Amino acid sequence: SSVQVAIRVRPFLSAEAGNARCVEIVHHNGIRIGGEQGAQFTFDFCIGGNSTAKANNNSNTQHYVYQTCVEPMTMSCLAGYNATIFAYGQTGSGKTHTVLGGSTHDTEGILPRALRDLFARLEQARDKSNGTHNNCSSNDSADNEEKGEEKMETNENANSNFQFEVRLQFLELYGEEVRDLLSSSMTKLSIRDYGNGGEPEVVGASEVVVSSPEEALLLLERGSFRRVTGATAMNSASSRSHAIISMLIEQQCSTSSNNENEEEEEVEIKRSKFHFVDLAGSERQKRTGATGDRLKEGIDINKGLLALGNVISALGDPKKSQPGKKTFVPYRDSKLTRLLKGSLGGNHKTLMIACISPSASNMDESLCCLRYANRAKNIQNNAVINVDAGSRKLAELRAQVQLLAKECLRVRKIAGEEEVDEKDGVLTLHVLTSLAKGEDVDVQKLQPTTTTTATKNLSSITGTSTSSSASSPRVNDNRTMSLEHNAEFFRMRDASRHLEDKVQSLAQ
Ligand code: ADP
Ligand code: MG
């Protein structure tokens, strides 16, 4: 599916009173800039900016933006897809207003709206699955519900249990530094890449479990205070950094059915990410009147945006892509593009909201923004539902662990570190040799010191089910088995990451 692009034209600000209008929305997906003879562009959505048509003005509300372009993304996330929404545009064009918005019901942005929608649907799915005979799904449409009832009639003994967990991450990219806005220490973090389609991750970034939209919004508010802001001539509270807010959603559905007195249990885990990216202003630093440190910031920020532009044109320019040939995409040129690799050309459904000012005084910037957005339209992503197909995944991970153990042994040999067993804790020569042979080693003992969240999360999700199976072990034997299966999946994943770290640190 291609990247979707929405243009949002904000209303005139009081400071722009008396300025001429330079953009007109010509229909729901067409926009013209620079008067009757001006350039015309087509996008998936064009919102706001028409002084003559009253109806169009009314549709430039936060609710309208959420409903038309964001709600479908929320639904995709619940179905197990990753999703990303970028806000792009010059400082003062309405990016933060669109993403976070104001504090009242009417003015809050797409992020708070998505959070509320997400929790409401997840809670509804959980309540529905509680003790009832049903199939669990967090994005039932009306006709799905009808099918659910049909299923209920045909399989009287099917019972499902739905659990979910939402974690929040809030990062800031300031120049080429990654900061954790959910942590008071504000340490600089590094990015770790995963080969073969894996998305890069920020090592040690806080992932805070949130149990309600309000809790998440409070964390975001605190984090926003930490965000670096500075005054420039264009906007007195302009953000000089990129912000990436992510919701990490984990949904677990276990279905047990009793067929001819045999208990059968299936556990399915869906994991999806929902990124909201509030980019720094796209204006060229000449106009902002910035000097000194502010000027340096301007240059650093533009490095990220410049790299983003290059990635977009590598992916989106039909002239550059030749059939059968892989185009080089310069993701690695900036931290911003490294982090957003999945969102551009990867396993995400992506929406870019390009924000522009209606004022003729900003026409050059607005035209640049429309051209930039126009290239993004052509990007093809390949989003898939992220569901753990139990055994297949586990087998892959086993193979990966084996491979990494071999690599680790090889690097140790080169580094002449045969005698480092003591220092390495559990990764002794003996353990590595067994892993390299593909023998079973208690992977739980290989728990890395840094990446333990996954395992912790799993136990918090499965906590209730495992304790109930302890009280009635006979009936739940199968359930325990499959839950352990999932726990093993996480342990293998952690082990594989730990080994990867080890190989990297040895290789240095
Ligand atoms: P950016 O984040 O792109 O620098 P802001 O979101 O801070 O810009 O918007 C600049 C100003 O314009 C703010 O005062 C904001 O409230 C106002 N604004 C932006 N978009 C809209 C809109 N769609 N409706 C009303 N006011 C808006
Ligand atoms: Mg802003």
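What you see is a predicted model; the values in this text were computed from it and never measured.

Peer 1: Could you give an account of the packing of helix H2 (residues 62–79) against helix H4 (residues 110–129), with specific residues and numbers?
Peer 2: What describes two packed helices is the angle between their axes and the distance between those same axes. Interaxial distance between H2 and H4 falls to 9 Å at its minimum, and their mutual angle equals 45 degrees. Our classification of the angle between H2 and H4 gives oblique. Here the hand of the crossing between H2 and H4 comes out right-handed. Residues Gln62, His63, Val65, Tyr66, Val70, Glu71, Thr74, Met75 and Leu78 of H2 pack against Ile110, Arg113, Ala114, Asp117, Leu118, Arg121 and Leu122 of H4. By residue class, the composition of the contact of H2 with H4 is nine nonpolar, three polar and four charged.

Peer 1: If you had to explain the UniProt feature "binding site: ATP" (unreviewed entry) in the protein to someone new, which residues and values would you point to?
Peer 2: Listed under "binding site: ATP" (unreviewed entry) in the UniProt record, and renumbered for this structure, are Gly89, Gln90, Thr91, Gly92, Ser93, Gly94, Lys95 and Thr96. Looking at the element boundaries, Gly89 is found in the loop between strand E6 (83–88) and helix H3 (95–99). If you trace the backbone, Gly94 turns up in the loop between E6 and H3.

Peer 1: Explain the site of ligand 1 residue by residue, including any values.
Peer 2: Taken together, 13 residues sit near ligand 1, with Gly92, Gly94, Lys95, Thr96 and His97 positioned nearest. The separation between an oxygen atom of ligand 1 and a polar main-chain atom of Gly92 is 2.7 Å. One of the backbone N or O atoms of Ser93 is found 3.3 Å from an oxygen atom in ligand 1. In the complex, 71% of the free accessible area of ligand 1, which totals 560 Å², lies under the protein chains.

Peer 1: Can you lay out the packing of aromatic side chains for me, pointing to particular residues and giving the numbers?
Peer 2: Under the criterion given, the structure shown has five aromatic pairs. Residues Phe41 and Phe43 carry aromatic rings whose centres are separated by 6.1 Å and whose planes lie at 20 degrees to one another, so their mutual orientation is stacked. Accessibility expressed as a relative area gives 2% for Phe43, which makes it buried. Ring centres 4.6 Å apart and planes at 35 degrees place the aromatic pair Phe274 and Phe276 in the tilted group. Members of the aromatic cluster, each reached through a chain of ring pairs, are Phe119, Phe162 and Phe164. Seen from the ring of Tyr81, Lys349 lies directly overhead, with NZ or CZ sitting 4.4 Å from the centre.

Peer 1: Outline the sheet that holds strand E3 (residues 30–33), listing residues and values.
Peer 2: As summarised here, the arrangement of the three strands in space is E2-E3-E4, forming an open sheet in which the pairing is antiparallel. At either margin of the open sheet sits one strand with a lone partner, and together these are strand E2 (23–27) and strand E4 (39–42). Pairs of neighbouring strands in the sheet enclose a mean axial angle of 25 degrees, with direction left out of account. Of the pairings in the sheet, the one linking E3 to E4 comprises four bridges and is antiparallel in character. Looking across to E4, one finds that Arg32 is bridged to Gln40.

Peer 1: Can you explain the state of the cysteines? Please cite residues and give values.
Peer 2: A full pass over the atoms with the stated rule returns zero disulfides. As a non-bridged cysteine, Cys369 has Cys355 as the owner of its nearest cysteine sulfur, 7.5 Å distant. For Cys369, a relative accessible area of 3% puts it in the buried group.

Peer 1: Could you give an account of the environment of His28, with specific residues and numbers?
Peer 2: Secondary-structure assignment places His28 in the loop between E2 and E3. Assessed through its relative accessible area of 59%, His28 is described here as exposed. The spacing of His28 and Cys46 is 18 residues in sequence and 5.5 Å in space, taken between C-alpha atoms. His28 has contacts with Phe45 and Cys46, leaving out every residue within four places of it along the chain.

Peer 1: Run through the environment of Ser254, naming residues and quoting values.
Peer 2: Following the sequence through the fold, Ser254 ends up in strand E15 (residues 242–259). With 13 residues separating them along the chain, Ser254 and Val267 place their C-alpha atoms 4.2 Å apart.

Peer 1: Any chance you could break down helix H9 (residues 363–376) for me, citing the residues and the numbers?
Peer 2: Because the α-helix completes a turn every 3.6 residues, residues three or four places apart line up on one side. For H9, spanning 14 residues, the distance from its first C-alpha to its last is 20 Å, which sits close to the expected 20 Å at 1.5 Å a residue. Every buried residue of H9 is accounted for by Glu365, Ser366, Leu367, Cys369, Leu370, Tyr372, Ala373 and Ala376.

Peer 1: Could you give me a rundown of the pairing of strand E8 (residues 177–180), with the residues and numbers involved?
Peer 2: Relative to E8, strand E7 (residues 159–174) runs antiparallel, the two being bridged by four bridges. By the bridge assignment for E8, Leu173 is matched with Val178. From the end of E7 to the start of E8, which pair antiparallel, there are two residues, and Gly175 there has a positive phi angle of about 60 degrees.

Peer 1: Requested: an account of the nonpolar core, with residues and values cited.
Peer 2: Ile7, Ile31, Phe43, Leu308 and Met352 are the most contacted members of the largest nonpolar core, which has 45 residues in total. Setting aside its immediate chain neighbours within four residues, Ile7 contacts Ile31, Phe43, Phe45, Cys46, Ile47, Ala354, Ile356, Leu370 and Ala373. The next biggest cluster of nonpolar side chains, apart from the first, holds 44 residues, and it includes Ile47, Tyr66, Met73 and Ala114.

Thresholds, definitions, all that
- Residues numbered from 1 in each chain as written.
- Chains lettered and ligands numbered in written order.
- Predicted model: local features only at pLDDT ≥ 70, side-chain atom pairs only at ≥ 80, totals over all residues.
- Heavy atoms only, no water.
- Axes fitted to C-alpha atoms, helices over the stretch in contact; angles between N-to-C directions.
- Helix = DSSP H or I, 4+ residues; strand = E, 2+ residues; numbered from the N terminus.
- Parallel < 35°, antiparallel > 145°, perpendicular 65-115°, else oblique.
- Left-handed = near helix turned anticlockwise from the far one by under 90°.
- Contact = heavy atoms within 4.5 Å.
- Nonpolar A, V, L, I, M, F, W, Y, C, P; charged D, E, K, R; others polar.
- UniProt positions renumbered as here; feature names shortened; annotations may be inferred.
- Near = heavy atom within 4 Å.
- Polar contact = N/O pair within 3.5 Å; in protein donor to acceptor, adjacent residues only side chain to side chain.
- Areas by Shrake-Rupley, 256 points an atom, 1.4 Å probe, with all protein chains shown as cover.
- Phe/Tyr/Trp six-rings, centres within 6.5 Å; stacked < 30°, edge-to-face > 60°.
- Buried < 20%, exposed > 50% of the residue type's maximum accessible area, 1.4 Å probe, protein only.
- Lys NZ or Arg CZ within 6 Å of the ring centre and 35° of its normal.
- Pairing = 2+ DSSP bridges.
- Disulfide = S-S within 2.5 Å.
- Expected span 1.5 Å × (residues − 1).
- Core = buried A, V, L, I, M, F, W, Y, C linked by side-chain atoms within 4.5 Å.

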